[in-house]
Amino acid sequence: MKELSLHLLDVAKNSTAAGAKNVSITLDEGLDGWLAVTIADDGRGMAPEFLAQVTDPFTTTRTTRKVGLGLPLLRLAAEQTGGSLSIESTVGVGTTVTARFQRRHLDCPPLGGLAGAVALLIQGSPDVELTYRHTTPRGEAALSTAELREILGDVSLAEPEVFAWIQDYLTEQEYEAAVEPVPAAGIEGEII
């Protein structure tokens, strides 16, 4: 996978497939040059034996194929930047996957279409409570399906119009969090 948004989509879909009712996605771009990506859920969780093997591509719960590449590829992407992948899981409680990337490393994948990935997750699993937060030194993009449900009432989060709005809303928030504000010169050099 060439973009982090695709990794997020893959891991979060694993969460919903594991019966999660709540999924939290956080991206934290600190001033230290690192990006921490965390996907946490309250799904079935994994037994210690399975957890020990989960980053092996030949370990999967899928019945349609004998390989699972999502977590192994995420681990590889993180490690190629000098980063790491950690997975904590408890049966009956849930799973937390955290990947750390050195942002300035040549091999760090681009973020990609985060807004589209989050909108797709919501549309594909409209009954799951999803929170998304992307924090940068310049700002934050955030969304909560609980807040959306409160505003929309009986309108399904799977509706195409809702999908389009979520994608547009997050795209605007991501842009504002990513772009360094440029001060405009006013009277006598004041910033306006």
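Above this note sits the structure.
From a predicted model like this one, the values you see are computed outputs, not experimental measurements.

Asker: How should the pattern of salt bridges be read in this particular structure?
Answerer: It is possible for side chains of opposite charge to pair when their charged atoms get near one another. All chains considered together, the criterion is met by 4 salt bridges. A salt bridge links Arg103 to Glu29, with the shortest nitrogen-to-oxygen separation between them at 3.5 Å. Here Glu29 lies in strand β1 (residues 22–29) and Arg103 lies in the loop between β4 (94–102) and α4 (114–124), a separation of 74 residues in the sequence. Since its relative accessible area comes to 28%, Arg103 is described here as partly exposed. Overall, the relative accessible area of 12% leaves Glu29 in the buried class.

Asker: Just checking my understanding: could you explain the packing of helix α1 (residues 4–17) against α4 for this structure?
Answerer: Packed helix pairs are specified by the crossing angle of their axes together with the interaxial distance, meaning the distance between the axes. Direction vectors running N to C along α1 and α4 enclose 20 degrees, while the axes themselves pass 9 Å from each other. Between α1 and α4, the angle falls in the class roughly parallel. As for the relative orientation of α1 and α4, their crossing is right-handed in sense. For the pair α1 and α4, the contacting residues are Ser5, Leu8, Leu9, Ala12 and Lys13 in the first and Leu114, Ala117, Leu120, Leu121 and Gly124 in the second. When its residues are assigned to classes, the contact of α1 with α4 shows 7 nonpolar, 2 polar and 1 charged.

Asker: Can you help me understand α1 in this one?
Answerer: Structurally, the α-helix is built with 3.6 residues per turn, so residues lying three or four positions apart point the same way. Spanning 14 residues, α1 covers 20 Å between terminal C-alpha atoms, matching the ideal 20 Å at 1.5 Å per step. All buried positions along α1 are accounted for by Leu4, Ser5, His7, Leu8, Leu9, Val11, Ala12 and Ser15. In this structure, the buried side of α1 is in contact with β1, β2 (34–41), α3 (70–79), β4 and α4. Phi turns positive one or two residues past the end of α1, at Gly19, with a value near 85 degrees.

Asker: Where do I start with the layout of surface pockets in this structure?
Answerer: Over the atoms a probe the size of a water molecule is rolled, and this reveals where empty space is left. Roughly 190 Å³ of volume is contained in the second largest pocket. Lining of the second largest pocket is provided by 16 residues; of these, Leu111, Leu114, His134, Glu174 and Ala178 occupy positions nearest its centre. Listed by contribution, the elements that provide at least two residues to the lining of the second largest pocket are α4, β5 (129–136) and α6 (160–178).

So, how was this worked out
- Residues numbered from 1 in each chain as written.
- Predicted model: local features only at pLDDT ≥ 70, side-chain atom pairs only at ≥ 80, totals over all residues.
- Heavy atoms only, no water.
- Salt bridge = Lys/Arg side-chain N within 4 Å of Asp/Glu carboxyl O.
- Helix = DSSP H or I, 4+ residues; strand = E, 2+ residues; numbered from the N terminus.
- Buried < 20%, exposed > 50% of the residue type's maximum accessible area, 1.4 Å probe, protein only.
- Axes fitted to C-alpha atoms, helices over the stretch in contact; angles between N-to-C directions.
- Parallel < 35°, antiparallel > 145°, perpendicular 65-115°, else oblique.
- Left-handed = near helix turned anticlockwise from the far one by under 90°.
- Contact = heavy atoms within 4.5 Å.
- Nonpolar A, V, L, I, M, F, W, Y, C, P; charged D, E, K, R; others polar.
- Expected span 1.5 Å × (residues − 1).
- 1 Å grid on protein atoms, 1.4 Å probe; cavity = no way out; pocket = protein on both sides within 12 Å on 5 of 7 lines; lining within 4 Å.
- Points joined across faces, edges and corners; volume = space filled by probe spheres on them.

Function cannot be read off these values alone, since they describe shape.
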